[in-house]
Structures are given as structure tokens and as C-alpha cells.
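Given next are the chains, with one letter for each unit.
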Amino acid sequence: MSKEQILEAIKGMNVLELNDLVKAIEEEFGVTAAAPVAMGGGAAAAVVEEQTEFDVILNNAGASKINVIKVVREITGLGLKEAKDLVDGAPKAVKEKVSKEDADAVKAKLEEAGASVEVK
């Protein structure tokens, strides 16, 4: 495959596909994409630090609040009153400083129970 063919294939991709491609290249070759930044009189590469810790934020319990409270208890190990207070006090963090996989799993459980959730 020539360089021109590769560039044409890239031109036909949407933003999500390009993002996936960059991640795959980073993983395959052990490199990090860095954006150039102009500093003072010269150009330097900015170090892109990948986020490793995520917070799962409960925005809204939705229509099935009881199911969300049950899931919050399961995820956090809180008692009934504490879990209810957390759900009633939304938006609040359900889990903090967890891996991306754990954050996605918690988000999926809460959304399945009917909650509105965000991962930061």
C-alpha cells in the first residue's frame, strides 16, 4: 500500500474512526501522539498524559430510584440510608479514582437501572 493510498483511506474516516486509529497505532508501536506547542521562540512537543483514574458521577436517578439505590448499594457497599442519601444528593460521585474498565462497568450497571451517569 502506497503512502497516497493510506492518506486517501484516512481522509475518508470520520472523527471516531480516526480516534480509534490513533489509539491502535499508539498501542501497536508503543508511542504517544503529542501536539506541537509553540513556546517562547521555538517549538516543543507537549506531553499528552493519558488519564488513568476516572470518577463515576451519578447525575440523576431517573424514574426507577429504588433500582438505582440497590445498584449503588451493590457497587459501593454502603448501607441503605447512605445509598439513598447519595442518590438523593445527585449529582454525586459514586466511585472515584477507578480504572477505565471499572468506571465503564459501574456506568453500565447504573444506566441499566435507569440512572443518568457520567464518567470524568
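Residues numbered from 1 in each chain as written. Predicted model: local features only at pLDDT ≥ 70, side-chain atom pairs only at ≥ 80, totals over all residues. Heavy atoms only, no water.

Trainee: Can you break down the confidence of the model for the protein residue by residue, with the values?
Mentor: Scored by pLDDT, the protein comes out at a mean of 81, with 85% of its residues at no less than 70. The low-confidence segment residues 41-47, where pLDDT is below 50, has 13 contacts with residues more than four positions distant or belonging to other chains. (pLDDT = per-residue confidence, 0-100. Contact = heavy atoms within 4.5 Å.)

Trainee: Pulling in residues and values, what's your account of the sheet that holds strand S4 (residues 92-98)?
Mentor: One open sheet accounts for 3 strands, arranged S4-S3-S5; its pairing is antiparallel. One side of each edge strand has no neighbouring strand; the edge strands of this open sheet are S4 and strand S5 (116-119). For this sheet the average axis-to-axis angle between neighbouring strands, irrespective of direction, equals 20°. With 4 bridges joining them, strand S3 (residues 54-60) and S5 adopt antiparallel strand pairing. Bridge assignment links asparagine 60 to a residue of S5, and that residue is serine 116. (Pairing = 2+ DSSP bridges. Helix = DSSP H or I, 4+ residues; strand = E, 2+ residues; numbered from the N terminus. Axes fitted to C-alpha atoms, helices over the stretch in contact; angles between N-to-C directions.)

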